[in-house]
Amino acid sequence: MPRRIRIEYLQTNLKRIIQHAYRHAPAIKNKLDSVGLKPKDIQKIKDLEKLPITKKTDLIDLQKKDPPFGGFTSVPVHELRRIYVSPGPIYEPGEMDYDELGWAQAMFAAGFRPGDIAINTFSYHMVPFALNMVDNSLCRLKCLTIPTGVGNTEQQVHILKNLKATAFCGTPSFLLSIAEKAEEMGLNLKKDLNLQIGFVAAEMLPESLRSNLEDKFGMIIRQSYGTADIGCLGYECREKNGMHIPDDKIVEIVDPETGKQLSFERPGEIVATTFSKVYPLIRFGTGDLSLLTGAPCPCGRTSPRLVKILGRVDQTTKVRGLFVHPRQVDEIASRYPQISKYQLVVTRKQHKDEMTFRIEPKGDAPPGERLTEKIERTIRDVIELRGNVQWVDPGTIPEGARTIEDQRTWE
Ligand SMILES: [Zn+2]
């Protein structure tokens, strides 16, 4: 689609979803009412600026006030197919007929074609990604899905070999775990396995890891970006030069302070609007920073591209594919009066994320091993990830230090 036609197409869809959501989703009606607007006031993408941005934390608060969905869904609960639960918790409606286009476009651009056999190693329970988004998109492309879920690395290797799977869906670090396990089992990744394409998401993909995995398996790996709430917001084509915006979303890059749209090449927060009638999120703030380019792509797609994800607006970070919020770190510390100061440090060793909970103890008594183990258990309960406790001397953690210190680099 030429750019002008594309914008008209998006604006037609925008007007339609605003009309629909205003009538059927109370949260969207409240959003317009709060700034004294009616649906007719939103005609162009630029008009979105007049609306406040909804953040993930707003969703949590609104859902508490008006369970289960905070007034964001526009169909009665009994007409849904599933309810998903994302960390927060955030409840998400699963529609009867999943019709999101973005992830399927992402897989097609990566090279997935009818007849491909894919292992889907994303987690199938609670969250919507593996089951709703990836599984349905593979089905749409007429690819065969092996719903392996995450973990069971040795079994995954057997499955890849025995079923001659051609495609991988999962996180890059999990693909690396599979590679290491297969080598440990004495397999030749190129000869004994048949992987040709990989669709990776939910984690940063350092170029060194991509080329390492592509060489090892003799495969092509393309990454996508999106959120569990709103779906796919960007995907790489074969040219590997940024992430194309799918056709069923509007993506704005905004100044996080003012909410005003920024022009191409200027970094800001990714804010997205979906046309989903079941879950019409309008101006959803992802908290991720990026910039858009409108430079033509040799692949022929005319959609703008997110150049790369530059980090987070707040201190929230993603570790091993899961969001970790400063509030969770505070929650852990609040359970132990023995803790004086604390900081969660995220590092990366051989392409795997590691979390260290640094603690300055209160008083002079040295903290015991039992306490350390207890805190590590609490980390696992609250964040759902393993982390190590490291006791440090008083004064080590600087005044005004960030609650979460992300020391990872992504070369
Ligand atoms: Zn392209």
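Before any of the text, the structure's been laid out above.
Residues numbered from 1 in each chain as written. Predicted model: local features only at pLDDT ≥ 70, side-chain atom pairs only at ≥ 80, totals over all residues. Heavy atoms only, no water.

(A) Main features of the overall build of the protein. Looking only at helices and strands, the protein has 11 helices and 22 strands in total. Here the C-alpha atoms of the protein give a radius of gyration of 22 Å, agreeing with the 22 Å that 2.2 N^0.38 yields for 411 residues. Referenced to the eigenvectors of the C-alpha coordinate spread, the extents of the protein come out at roughly 65 × 55 × 45 Å. Here the protein holds 411 residues, and 52% of them are scored as buried. Long-range contacts, defined here as pairs at least 24 residues apart, represent 65% of the contacts in the protein between residues at least 6 apart. For the protein, the accessible surface area stands at approximately 19,200 Å², while carbon and sulfur atoms represent 51% of it. Distance from the positive charge centre (58 side chains) to the negative charge centre (53 side chains) of the protein: 5 Å. (Helix = DSSP H or I, 4+ residues; strand = E, 2+ residues; numbered from the N terminus. Rg over C-alpha atoms; globule rule 2.2 N^0.38 Å. Buried < 20%, exposed > 50% of the residue type's maximum accessible area, 1.4 Å probe, protein only. Contact = heavy atoms within 4.5 Å. Areas by Shrake-Rupley, 256 points an atom, 1.4 Å probe, with all protein chains shown as cover. Lys, Arg positive; Asp, Glu negative; His and termini not counted. Charge placed at Lys NZ, Arg CZ, Asp CG, Glu CD.)

(B) Molecular detail of the packing of helix H6 (residues 153-162) against helix H7 (residues 172-184). In the contact formed by H6 and H7, the axes pass within 9 Å of each other and the chain directions differ by 80°. Judged by the angle between their axes, H6 and H7 are roughly perpendicular. Contact residues: Thr 153, Glu 154, Gln 156, Val 157 and Leu 160 in H6; Phe 174, Ser 177, Ile 178, Lys 181 and Ala 182 in H7. Residue composition of the contact of H6 with H7, grouped by class: 5 nonpolar, 3 polar and 2 charged. (Axes fitted to C-alpha atoms, helices over the stretch in contact; angles between N-to-C directions. Parallel < 35°, antiparallel > 145°, perpendicular 65-115°, else oblique. Nonpolar A, V, L, I, M, F, W, Y, C, P; charged D, E, K, R; others polar.)

(C) Region of the structure containing the environment of Ala 106. Residue position: Ala 106 is located in helix H4 (residues 102-110). By relative accessible area, which is 2% here, Ala 106 ends up buried. What Ala 106 contacts, discounting residues up to four positions off in sequence, is Phe 199, Ser 224, Cys 232 and Tyr 235.

(D) Structural view of the coordination of the zinc ion. Within the protein, Cys 237 (SG), His 244 (NE2), Cys 297 (SG) and Cys 299 (SG) serve as the donor atoms for the zinc ion, at 2.1 to 2.3 Å. Each of the 4 donor atoms bound to the zinc ion contributes to angles spanning 105 to 113°, and the resulting shape is tetrahedral. Linear spacing of the donor residues for the zinc ion on their chain is C-x6-H-x52-C-x1-C. With Cys 237 in the loop between strand S9 (231-235) and strand S10 (243-244) and Cys 297 in the loop between strand S14 (292-293) and strand S15 (305-306), the pair connects residues that are 60 residues apart, well separated along the chain. Note on Cys 237: relative accessible area 0%, which makes it buried. (Donors = N, O, S within 2.8 Å, 3.2 Å for Na, K, Ca; no water. Tetrahedral: all angles 85-135°; square planar, octahedral: opposite > 155°, others 65-115°.)

(E) Structural detail: the packing of aromatic side chains. According to the stated counting rule, one finds 5 aromatic pairs in the structure shown. Ring geometry for Trp 103 versus Phe 199: centroids 6.0 Å apart, planes at 90°, classification edge-to-face. Separated by 96 residues along the polypeptide, Trp 103 in helix H4 and Phe 199 in strand S7 (residues 197-200) bring together distant segments of the chain. Across this residue pair, the class does not change: Trp 103 and Phe 199 are buried. Taken together, Trp 103, Phe 122, Phe 129 and Phe 199 form an aromatic cluster joined through their ring pairs. Above the face of the Phe 108 ring, Arg 113 is positioned so that its terminal group lies 3.6 Å from the ring centre. (Phe/Tyr/Trp six-rings, centres within 6.5 Å; stacked < 30°, edge-to-face > 60°. Lys NZ or Arg CZ within 6 Å of the ring centre and 35° of its normal.)

(F) Spotlight on the pattern of salt bridges. Under the definition given, this model contains 23 salt bridges. The partner of Lys 352 in a salt bridge is Glu 180, with the nearest N and O atoms 3.0 Å apart. Here Lys 352 is found in strand S20 (residues 352-361), whereas its partner Glu 180 is found in helix H7, with 172 residues between them in sequence. By relative accessible area, which is 29% here, Lys 352 ends up partly exposed. Via salt bridges that share partners, Arg 348, Asp 353, Asp 406 and Arg 408 belong to a single interconnected network. (Salt bridge = Lys/Arg side-chain N within 4 Å of Asp/Glu carboxyl O.)

(G) Examining the pairing of strand S6 (residues 167-170) more closely. Here S6 shows no split at all, with Ala 167 and Cys 169 on one side and Phe 168 and Gly 170 on the other all buried. In the sheet, strand S4 (residues 117-120) pairs with S6 via 3 bridges, with the strands oriented parallel. Looking at the pairing, Asn 120 lines up with Cys 169 of S6. (Pairing = 2+ DSSP bridges.)

(H) Local environment of a nonpolar patch on the surface. A grouping of Met 1, Ile 5 and Tyr 9 is seen on the molecular surface, where their side chains present a nonpolar patch of about 260 Å² in accessible area. By secondary structure assignment, the location of Ile 5 is in helix H1 (residues 3-24). Classification of Ile 5 by relative accessible area gives partly exposed; the value is 34%. (Patch = residues over 30% accessible without salt bridge, like charges linked within 9 Å, V, L, I, M, F, W, Y side chains within 5 Å.)

(I) Seen up close, the nonpolar core. In this structure, Ile 18, Leu 48, Leu 51, Ile 270 and Leu 306 are the most contacted members of the largest nonpolar core, which totals 38 residues. Contributions of two or more residues to this core are made by H1, helix H2 (26-34), helix H3 (56-65), strand S11 (249-254) and strand S12 (268-274). For this core, the element with the highest residue contribution is H1, accounting for 6 residues. Within the second largest apolar cluster, 26 residues are counted, among which are Ala 106, Met 107, Ala 109 and Phe 129. (Core = buried A, V, L, I, M, F, W, Y, C linked by side-chain atoms within 4.5 Å.)

(J) Examining the environment of Asp 314 more closely. Residue placement: Asp 314 occurs in the loop between strand S16 (311-312) and strand S17 (317-319). With 27 residues separating them along the chain, Asp 314 and Gly 287 place their C-alpha atoms 6.8 Å apart. Only 3.0 Å separates the side chain of Asp 314 from the backbone nitrogen of Thr 316, close enough to count as a polar contact. (Polar contact = N/O pair within 3.5 Å; in protein donor to acceptor, adjacent residues only side chain to side chain.)

These figures come from the coordinates and say nothing about function on their own.
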